[in-house]
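# Tertiary structure, described
The lines below spell out each chain.
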Amino acid sequence: MYNIEDISNSNIIFYYLLQKGEISEENERELYRMYSENESIMNLVKRQGENFDCNVEKYSGVIYIIPNEDNDFLGYSKAELKKELCKSNSNQKDYYLSQFLILTLLVEFYGSQGRSSKSRDFLKSGQLLNIISDRLKEAVEKENLEEIQDKTGIAYTNILERWEALRSTDKQTKSKTTKEGFIYTILSFLENQGLINYIEVDDMITTTPKLDNFMDGNILNRNNYERVAKALGGSEHEQN
């Protein structure tokens, strides 16, 4: 049995999470302590999260609300994400290219076997562009390409075809018809989600504590590759 005060306080905390996405010990000390120091309130908030098809987790002094992969209410549906990341007349290849770009970015930042999985402090978008090109070309040149695509669920051939169809330019551009503009769109989206910082004038990408905490506590430590792959687009064999 829960008392009325605990139920009321859990509702306040969960509503705040729905509004802001997180509660930090630094900025919302009262709500943070209420959640952390009262097991009944914590259980009530977590149960509300389950009812809303999401998880409530605490990492390094911050409480987060994390929508499940199929949660189109608090998260993005595939159609909504495609609209955000790709040009208006895009197809499935554009969408999967955007997901490959995000996964590549994560791999570049998080690959350490130490206390933290983070392996670098920054990355330039120009570097990311070259890394994407190299990885796609290396993949399609492998003798066991079909086996690799079946095992990973990543259609490298189709993704490389779409990548090479994008123009390249030395000028700064936000056009989604160019490689540079395509990357800019992805980086802007991730920045708006509070996952990275992109300093355009320096062409510098850094990750935020939110992404660092999520990768260490929710993804890499649990070895949830299949869950991440599903969250970032599902089966890559689907074509259009």
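Let me sum up the structure you'll find in this document. These numbers were taken from a predicted model, which means no experiment stands behind them. (Residues numbered from 1 in each chain as written. Predicted model: local features only at pLDDT ≥ 70, side-chain atom pairs only at ≥ 80, totals over all residues. Heavy atoms only, no water.)

To continue, consider the sheet that holds strand β5 (residues 196–199). The 3 strands lie next to each other as β4-β6-β5, forming an open sheet whose pairing is antiparallel. Of all strands in the sheet, those with a lone pairing partner are β4 (123–124) and β5, marking the two edges. Sheet topology note: the β4/strand β6 (residues 204–207) ladder contains 2 bridges and is antiparallel. Among the inter-strand pairings, Leu123 is bridged to a residue of β6, identified as Ile205. In this fold helix α5 (residues 92–109) packs onto β4, β5 and β6, with an angle of close to 75 degrees to the strand it touches most, β6. (Pairing = 2+ DSSP bridges. Helix = DSSP H or I, 4+ residues; strand = E, 2+ residues; numbered from the N terminus. Contact = heavy atoms within 4.5 Å. Axes fitted to C-alpha atoms, helices over the stretch in contact; angles between N-to-C directions.)

Let us now look at the pairing of strand β2 (residues 54–59). Looking at chain direction, β2 and strand β3 (residues 62–67) are connected through 6 bridges and run antiparallel. Each bridged residue has a counterpart across the sheet, and for Tyr59 the counterpart in β3 is Val62.

With burial as the criterion, only one face of β5 is covered, namely that bearing Ile196 and Tyr198; the residues Asn197 and Ile199 on the opposite face remain uncovered. Relative to β6, β5 runs antiparallel, the two being bridged by 4 bridges. Residue Ile196 lies in a different strand from β6, and its bridge partner there is Thr207. In textbook terms, the turn of a hairpin is the stretch between consecutive antiparallel strands, and for β5 and β6 this stretch comprises 4 residues, one of which, Asp203, has a positive phi near 55 degrees. (Buried < 20%, exposed > 50% of the residue type's maximum accessible area, 1.4 Å probe, protein only.)

For any pair of aromatic rings, geometry is given as the distance between the ring centres together with the angle between the planes. This model, assessed by the stated rule, comprises 6 aromatic pairs. Seen in terms of ring centroids, Tyr95 and Tyr96 are 5.5 Å apart; in terms of plane orientation they differ by 65 degrees. Their pairing is edge-to-face. For Tyr96, a relative accessible area of 4% corresponds to the buried category. Considering the side-chain rings of Tyr184 and Tyr198, the 6.3 Å spacing of their centres and the 70 degrees angle between planes classify their relative orientation as edge-to-face. With Tyr184 in helix α9 (residues 179–192) and Tyr198 in strand β5, this pair connects stretches of sequence that are 14 residues apart. As far as the burial class goes, Tyr184 and Tyr198 line up, both buried. (Phe/Tyr/Trp six-rings, centres within 6.5 Å; stacked < 30°, edge-to-face > 60°.)

Nothing here speaks to function; it is geometry throughout.
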